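So the chains spell out like this:
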Amino acid sequence: MDNSPADLATSDPDAPDPGIADPGIADPGVADPGIADNVDWGLAASVGRRIARPGPRITRYTADAARAELLDASVRAEGPVRDVTGLADGLAVPTARVLDRSGWIEAAATSMPAMLSALPDPAVTDPAATDPAATDPGATGFDGTGTGSDTGDREPAQRGGGLGAKMAGAQAGGLLAFLSSAILGQYDPFSADPETGDPGVLMLVMPNIIAVERQLRVDPSDFRLWVCLHEVTHRVQFSANPWLADYMRSNVGVLTDADDDSVAAMVTRITEGLRGGRPREKGVIGLMQLLQSPEQYAAFERVLVLGTLLEGHADHVMDAVGPAHVPTVATIREAFDRRRSAPRNPVQRLLRALIGMDAKMAQYVRGKAFVDHVVDAVGMPAFNTVWTSPETMPLMSEIDQPDRWIERVL
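Overview of the structure. What you are looking at is a predicted structure, and each value in this text was computed from that prediction instead of being measured. (Residues numbered from 1 in each chain as written. Predicted model: local features only at pLDDT ≥ 70, side-chain atom pairs only at ≥ 80, totals over all residues. Heavy atoms only, no water.)

1. Focus on unusual backbone geometry
Unusually for a residue other than glycine, arginine 217 sits at a positive phi of about 55°. Here arginine 217 shows up in the loop between α6 (206-216) and α7 (220-240). Classification of arginine 217 by relative accessible area gives exposed; the value is 78%. (Helix = DSSP H or I, 4+ residues; strand = E, 2+ residues; numbered from the N terminus. Buried < 20%, exposed > 50% of the residue type's maximum accessible area, 1.4 Å probe, protein only.)

2. Focus: the packing of aromatic side chains
Enumeration according to the criterion identifies seven aromatic pairs in this entry. With a centroid separation of 6.5 Å and 45° between ring planes, the pair formed by phenylalanine 223 and phenylalanine 336 is classed as tilted. Placement of phenylalanine 223 in helix α7 and of phenylalanine 336 in helix α12 (residues 329-340) is noted, with a sequence separation of 113 residues between them. This pair shows no difference in class: phenylalanine 223 is buried, exactly as phenylalanine 336 is. (Phe/Tyr/Trp six-rings, centres within 6.5 Å; stacked < 30°, edge-to-face > 60°.)

3. With respect to the sheet that holds strand β3 (residues 199-205)
Hydrogen bonds between backbone atoms are what pair the strands of a sheet, whose relative direction is either parallel or antiparallel. Reading across from one edge, β1-β3-β2 is the order of the three strands in this open sheet, with mixed pairing throughout. Both edges of this open sheet fall to β1 (96-99) and β2 (185-192), since each of them pairs with a single strand only. Between one strand and the next, the sheet's axes are offset by a mean angle of 30°, whatever the strand orientation. Sheet analysis places β2 next to β3, joined by five bridges and oriented antiparallel. Across the sheet, alanine 192 pairs through a bridge with proline 199, a residue of β3. Where helix α4 (residues 101-116) meets the sheet, its contacts fall on β1, β2 and β3, and the angle it forms with β2 comes to roughly 45°. (Pairing = 2+ DSSP bridges. Axes fitted to C-alpha atoms, helices over the stretch in contact; angles between N-to-C directions. Contact = heavy atoms within 4.5 Å.)

4. What about the packing of helix α2 (residues 60-76) against helix α3 (residues 78-85)?
Helix-helix packing is characterised by the crossing angle of the two axes and by the distance between the axes. For the pair α2 and α3, the least separation of the axes is 4 Å and the interaxial angle reads 25°. Classified by the interaxial angle, the pair formed by α2 and α3 is roughly parallel. Along its contact with α2, which presents Ser74, Val75 and Arg76, the element α3 presents Glu78, Gly79 and Pro80. (Parallel < 35°, antiparallel > 145°, perpendicular 65-115°, else oblique.)

5. Points about the nonpolar core
One broad trend across soluble globular proteins is that nonpolar side chains are buried collectively. If you look at the biggest cluster of nonpolar residues, it comprises 83 residues, and the most contacted ones within it are Trp104, Phe223, Phe383, Trp387 and Met393. In terms of residue count, α7 provides more of this core than any other element does, nine residues in total. Apart from residues no more than four positions distant in its own chain, tryptophan 104 is found in contact with Leu99, Leu176, Leu179, Ser180, Ile183, Gln186 and Val205. Core analysis: the next-biggest nonpolar cluster, separate from the first, contains five residues, Phe300, Leu304, Val305 and Ile399 among them. (Core = buried A, V, L, I, M, F, W, Y, C linked by side-chain atoms within 4.5 Å.)

6. Overview of the pairing of β1
Here β1 shows no split at all, with Ala96 and Val98 on one side and Arg97 and Leu99 on the other all buried. Looking at chain direction, β1 and β3 are connected through four bridges and run parallel. Looking across to β3, one finds that valine 98 is bridged to leucine 204.

7. Quick notes on the environment of alanine 182
In this structure, alanine 182 sits in the loop between α5 (162-180) and β2. Alanine 182 sits in the buried class, given a relative accessible area of 0%. Separated by 27 residues in the primary sequence, alanine 182 and isoleucine 209 have C-alpha atoms spaced 9.5 Å apart.

8. Remarks on the side chain of asparagine 241
Mapped onto the fold, asparagine 241 is located in the loop between α7 and α8 (243-255). When sequence neighbours within four positions are dropped, the list of residues in contact with asparagine 241 reads Leu87 and Trp387.

9. Topic: α8
Between its first and last C-alpha, α8 extends 19 Å over 13 residues, near the 18 Å set by a 1.5 Å rise per residue. Counting buried positions over the 13 residues of α8 gives eleven, a clear majority of the element. The inward-facing, buried residues of α8 abut α4, β2, α7 and α11 (294-325). (Expected span 1.5 Å × (residues − 1).)

In structure tokens form, the structure reads like this:
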């Protein structure tokens, strides 16, 4: 989800590794434009498609077979995930989309505005105030095939105009191109399912999956199902708990508030943050925390904790389901973790730091440790209390000390 929601692994040896990871049109009644309105997303998609690296060489036969197997795996993964999590039982299985890199760039440029757009009602952080029927962003669905690697018939909305929006669009396009070789799968809770119109689309980036399974020399069928288990877990998390999408979007909205502070206020915050010894993440993420207002800092922590929980829960489910359904799961996990921890060249280390990849990878490790501990201690039904409301989400201090969450919530 992260959300960034980016997900599983990378296909290029030197590409970023955000993990298995990881959005519609804004309500026209929202008065204040957000960051989404200051980016030319159509240009972002165009630039991203133009400069993205090509995928691995594959024949049409291989592509067709892989596409069919991924679609089948995305459906087969649903039952075991529901059984292990106890979530989403009885709900319809949504459509998965199998995309190439250009298709993922197009989908991401289409969905990003919804995630970044402000919500018209601040009460959405309360699940009791969330109407599931109202979460459908409606206006920016995909092409509706659910099977192709095409980019669809609709161009991403051009949210902003002028030179500034075009510059931001070009920058966003460069980032999307960079990430397009890194994403194996992604669940987008903000876009409409092409068949049902309900919110949420699972995307699988076929060339990247093929590239990684070749690099790791693992069983292709097992690896494809393993990827789907992670992404389907994200789908189940959001479909069983519709309030999560609005909770994420409202907090991201605080982070991307267009109101600018004065330089003096920003300098004061940095000075106070350094003197106060406030806990911070490492690298660029830590610098962001210093620059944020108290409200943004609190929202940042909520987004970080939510992402850590979502990714850790998905990794826990992958390993819980794996032995019964993925015969070579131990080999896959060992090879995948070895690849995650492999040394990288200086340029890659810099790029990973700039876009927060290392913090993303830490989410998988810390989140899985939290979920493993709580489930071992109290069982999955009690753990599922975490999905009740914002108040039952872990606090930042509880991620590494899960017994504190158990004492506070259960």
